[in-house]
Amino acid sequence: MPVLPGAEPYRHEGGEVGVLLCHGFTGSPQSLRPWAEHHAAHGLTVSLPLLPGHGTRWEDMQVTGWQDWYAEVDRELRLLSDRCARVFVAGLSMGGALALRLAARHGERVTGAVVVNPANKVHGLSAYALPVARHLVRTTKGIASDIAREGAAELGYDRVPLHAAHSLRVFLRRLDGELPQVTQPLLLLRSARDHVVPAADPARVLGRVSSTDVTEVVLEHSYHVATLDNDADRIFEESLAFIGRLAPSVGKEGTAAVG
């Protein structure tokens, strides 16, 4: 299936500092594109991949699972590591969870992590029914476009495939056990009002990681997809400052744009 207009992956060849951006569950690179372009404009090498099963139609996602999504970002991290002296991982929602697993598993290859409204658990009684319900019902209502800013919209599926939701649940449970392996500096930004990921999730992340350099920022004017919301500029600036603190060469090199 062709990729939806706007959902295409994005790459930019910049300097020796790289950042890998991971989009969320049922979403697409569109939700992180302004963030990616902001960092590219400041000289970073940027990779924003399209996760398997995303950015086309929900039926394509129904036959993918967390191993496929993680394998894609793992591959991109290895490519960035070959190209860059320092690499940061970042993500929104499930993308934040993927970024945290990369940090946990790759150790010194990852200099730092930035996560926005990171998911830690599939909540509600329905989560416990997923192993059976996914064989009886194909989808449930979508979770895209939880945005406060008027006129802003996320390019994501209007249905959630239950096979994929079950796989996400399995992944998040696995990741929770791996969070103590995250030792890198961590910047966590969370929305004060989030209708998709409850406050318990980022709190759990902060309580489980072993990082000693941790910064938490509360986004007062955004909902879940904060990267497209009223606090987007703050996310971009805070994350760039975080990267610049750990990699002082950021912003001091020329860039070469790549489509």
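The name an unreviewed UniProt entry gives the protein chain is Esterase, with Streptomyces lucensis JCM 4490 as the organism.

J.: Which residues make up the pairing of strand β8 (residues 186-191), and what values go with them?
T.: The two faces of a sheet get side chains in turn, since along a regular strand they alternate between them. Among the six residues in β8, five count as buried, and that is most of the element. As paired strands, strand β5 (residues 112-116) and β8 are joined by four bridges and run parallel to one another. In the sheet register, V114 faces β8, and the bridge partner there is L187. Bridge analysis of β8 against strand β9 (residues 214-219) gives six bridges, and the strand direction is parallel. In the strand pairing of β9, L189 is matched with V217. In this fold, β8 hands off to helix α7 (residues 200-208), which returns the chain to β9; that crossover is right-handed.

J.: How would you summarise the nonpolar core if you had to cite specific residues and measurements?
T.: In this structure, F25, W69 and L98 are the most contacted members of the largest nonpolar core, which totals 42 residues. For this core, the elements supplying multiple residues, two or more each, are β2 (17-22), α2 (58-61), α3 (66-83), β4 (86-92), α4 (94-106), β5, α6 (162-178) and β8. Counting residues per element, this core draws most heavily on α4, at eight residues. Discounting chain neighbours no more than four positions away, the residues touching F25 are H54, M61, W69, M94, I143, V160, A164, A165 and L168. If you look at the next biggest cluster of nonpolar residues, it comprises 34 residues, including V17, L92, L189 and A232.

J.: Tell me about the environment of G65, and please be specific about residues and values.
T.: Mapped onto the secondary structure, G65 falls in the loop between α2 and α3. Note: C-alpha distance between G65 and G15 (50 residues apart in sequence) is 33 Å.

J.: Kindly report on the sheet that holds β4, identifying the contributing residues and their values.
T.: One open sheet accounts for seven strands, arranged β1-β3-β2-β4-β5-β8-β9; its pairing is mixed. Whereas interior strands pair on both sides, the edge strands pair on one side only; in this sheet they are β1 (10-12) and β9. Pairs of neighbouring strands in the sheet enclose a mean axial angle of 15°, with direction left out of account. Pairing of β2 with β4 involves six bridges; the strand directions are parallel. Pairing of V19 across the sheet is with F88, part of β4. Packing of α3 onto the sheet brings it into contact with β1, β2, β3 (45-48) and β4, and relative to β2 it is tilted by some 170°.

J.: Any chance you could break down α3 for me, citing the residues and the numbers?
T.: Between its terminal C-alpha atoms α3 stretches 26 Å, which fits the 26 Å expected from 18 residues at 1.5 Å a residue. When we look at burial in α3, the residues that qualify are W66, W69, Y70, E72, V73, D74, E76, L77, L80 and S81.

J.: Which residues make up the side chain of N120, and what are the values?
T.: Position of N120 relative to the elements: it lies in the loop between β5 and α5 (125-133). According to the relative accessible area criterion, N120 is buried, its value standing at 9%.

J.: Pulling in residues and values, what's your account of the UniProt feature "binding site: substrate" (unreviewed entry) in the protein chain?
T.: Under the present numbering, the feature "binding site: substrate" (unreviewed entry) in UniProt falls on F25 and M94. Maximum C-alpha separation among the annotated residues is 5.6 Å over a sequence range of 70 residues, consistent with a single clustered spot. By the element assignment, M94 lies in helix α4. What makes M94 buried here is its relative accessible area of 1%. Setting aside chain neighbours within four positions, we find M94 in contact with H23, G24, F25, L51, H54, W69, A119 and L168.

J.: Go over the packing of α3 against α6 with me, naming the residues and quoting the values.
T.: Any two packed helices are characterised by how steeply their axes cross, that is the angle between the axes, and by the distance between the axes. At a minimum axis separation of 8 Å, α3 and α6 run at an interaxial angle of 60°. Contact with α3, carried on its side by W66, Q67 and W69, involves A164, S167, L168, V170, F171 and R174 of α6 and no other residues of that element. A class-by-class count of the residues in the contact of α3 with α6 yields six nonpolar, two polar and one charged.

J.: An account of the pairing of β5 is needed here, citing residue identities and associated values.
T.: Most of β5 is tucked away, with five of its five residues classed as buried. Residues G112, V114 and V116 line one face of β5 and the alternating positions A113 and V115 line the opposite face, and both faces are buried. Where β4 and β5 come together, five bridges link them in parallel fashion. Bridge pairing links F88 to G112 in β5. For the segment spanning β4, α4 and β5, crossover handedness is right-handed.

Calculation notes
- Residues numbered from 1 in each chain as written.
- Predicted model: local features only at pLDDT ≥ 70, side-chain atom pairs only at ≥ 80, totals over all residues.
- Heavy atoms only, no water.
- Buried < 20%, exposed > 50% of the residue type's maximum accessible area, 1.4 Å probe, protein only.
- Helix = DSSP H or I, 4+ residues; strand = E, 2+ residues; numbered from the N terminus.
- Pairing = 2+ DSSP bridges.
- Right-handed = clockwise from strand over helix to strand, strands pointing away.
- Core = buried A, V, L, I, M, F, W, Y, C linked by side-chain atoms within 4.5 Å.
- Contact = heavy atoms within 4.5 Å.
- Axes fitted to C-alpha atoms, helices over the stretch in contact; angles between N-to-C directions.
- Expected span 1.5 Å × (residues − 1).
- UniProt positions renumbered as here; feature names shortened; annotations may be inferred.
- Nonpolar A, V, L, I, M, F, W, Y, C, P; charged D, E, K, R; others polar.

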